[in-house]
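The lines below spell out each chain.
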Amino acid sequence: MNNPQPQPPRQKPARPRLSILRLIAIVFLTLIILVGIAVLIIWLVVRPRHLVYTVEDGSIHSFNIADNHLNSTFDFILRAYNPNNKVSVYYDSIEARVEYDDQTLASDAVQPFFQPHKNVTRFEVKLKSQSVALFGSMPKDLKLERSSGGVELSVQIKAKIRFKVGAWKSRHMILRVYCSPVLVHFSSSRGFERTYCDVEL
Ligand SMILES: *[C@@H]1O[C@H](CO)[C@@H](O)[C@H](O)[C@H]1NC(C)=O
Ligand SMILES: *[C@@H]1O[C@H](CO)[C@@H](O)[C@H](O)[C@H]1NC(C)=O
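Residues numbered from 1 in each chain as written. Chains lettered and ligands numbered in written order. Predicted model: local features only at pLDDT ≥ 70, side-chain atom pairs only at ≥ 80, totals over all residues. Heavy atoms only, no water.

Caption draft 1: Up close: the overall build of the chain. Along the chain, the regular secondary structure elements total 2 helices and 11 strands. Here the C-alpha atoms of the chain give a radius of gyration of 29 Å, more than 25% beyond the 17 Å that 2.2 N^0.38 yields for 201 residues. With the principal axes as the frame, the chain shows a C-alpha extent of 110 × 35 × 25 Å. Here the chain holds 201 residues, and 35% of them are scored as buried. Long-range contacts, defined as pairs at least 24 residues apart, comprise 69% of the intrachain contacts of the chain with a sequence gap of at least 6. When the accessible area of the chain is evaluated, it comes to approximately 13,200 Å², of which 56% is carbon and sulfur surface. (Helix = DSSP H or I, 4+ residues; strand = E, 2+ residues; numbered from the N terminus. Rg over C-alpha atoms; globule rule 2.2 N^0.38 Å. Buried < 20%, exposed > 50% of the residue type's maximum accessible area, 1.4 Å probe, protein only. Contact = heavy atoms within 4.5 Å. Areas by Shrake-Rupley, 256 points an atom, 1.4 Å probe, with all protein chains shown as cover.)

And the structure:
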């Protein structure tokens, strides 16, 4: 070099700082990419799929309407299917509800349970209405449906659940299950048609 250009003295300390910044940026980007690949691999291995709910059976007993008040018991058999290969579910608390025209007729807690992967669990929901006030046209409509032989209800589940994958457990999440319309006949000889439910997480 015949003609070396003297560098301004204040640029000298700037160079190593720039490369440290570049190094930090490269490490940071690499980490983000690695985490992304890890998440993708976990997702591909675990491949979480929706829980599937159906109402398998329903019956009504001791149904009586007097003075716009209802006494009745509602029995349902729900089927919960966990189609996942690697994901199990803790049902920490479960509340079941039966509604008619958006009004709650009865609700109660269901026994908490643990559902392994690829598992089908059937559970019974017994709900009791005692002197439940009916509003507007509900008493008349319910009586009309009753004389037709059946009544269209909505069955709902709200559950606090956690997922388990290997040793890892998720935080709490709220699972909502809507089954509607569920046509329940008063005569058990009329049979019951399986109802599929919407599941929201
Ligand atoms: C419901 O049951 C309660 C308690 O057994 C009774 O007092 C009430 O009269 C009943 N109401 C109807 C509508 O049958
Ligand atoms: C589902 O899990 C429950 C509780 O662990 C068990 O009792 C039941 O037999 C399992 N059902 C099937 C079909 O594997």
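Caption draft 2: Examining the pairing of strand β1 (residues 52-66) more closely. Strand direction decides the pairing type here: β1 and strand β2 (residues 69-82), joined by 12 bridges, are antiparallel. Bridge pairing links G58 to F76 in β2. The sheet contact formed by β1 and strand β10 (residues 195-196) spans 2 bridges and is antiparallel. Residue pairing in the sheet places T54 in a bridge with Y196 of β10. (Pairing = 2+ DSSP bridges.)

Caption draft 3: Representation of the site of ligand 1 in the model. Taken together, the neighbourhood of ligand 1 is formed by N64, A66, H69, N71, Q130 and S131. Within the side chain of N71, one N or O atom sits 2.3 Å away from an oxygen atom of ligand 1. In isolation ligand 1 has 360 Å² of accessible area, and contact with the protein removes 51% of it. Partitioned by chemical class, the residues of the shell around ligand 1 number 1 nonpolar, 5 polar and no charged. (Near = heavy atom within 4 Å. Polar contact = N/O pair within 3.5 Å; in protein donor to acceptor, adjacent residues only side chain to side chain. Nonpolar A, V, L, I, M, F, W, Y, C, P; charged D, E, K, R; others polar.)

Caption draft 4: Fine view of the state of the cysteines. This structure, assessed with the given rule, holds 1 disulfide. C179 shares a disulfide with C197; S-S distance 2.1 Å. Torsion about the S-S bond of the C179 and C197 cystine: about 100 degrees, corresponding to right-handed handedness. Here C179, found in strand β9 (residues 173-185), pairs with C197, found in the loop between β10 and β11 (198-200); they are 18 residues apart in sequence, far enough to count as distant. You can call C179 buried: its relative accessible area is 0%. (Disulfide = S-S within 2.5 Å.)

Caption draft 5: Structural context of the site of ligand 2. What surrounds ligand 2 is the set P116, N119, V120 and T121. Between ligand 2 and the protein, one listed contact pairs an oxygen atom with a side-chain N or O atom of N119 at 2.4 Å. Within the contact set of ligand 2, a nitrogen atom lies 3.4 Å away from a backbone nitrogen or oxygen of V120. Here the residues of the shell around ligand 2 sort into 2 nonpolar, 2 polar and no charged.

Caption draft 6: Spatial organisation of the side chain of D75. Mapping D75 onto the fold places it in strand β2. Looking at D75, its side chain comes within polar contact range of the side chain of K126, at 3.0 Å. Discounting chain neighbours no more than four positions away, the residues touching D75 are D57, G58, S59, H61, E124, V125 and K126.

Caption draft 7: Unusual backbone geometry, seen in detail. Residue P181 is bonded to the preceding S180 through a cis peptide linkage, with omega at -5 degrees. Residue D102 is not a glycine yet carries a positive backbone phi of 65 degrees. Assignment of secondary structure puts D102 in the loop between β3 (87-100) and β4 (103-110). Residue classification places D102 among the exposed residues on the basis of a relative accessible area of 71%.

Taken by themselves, the reported measurements are silent on function.
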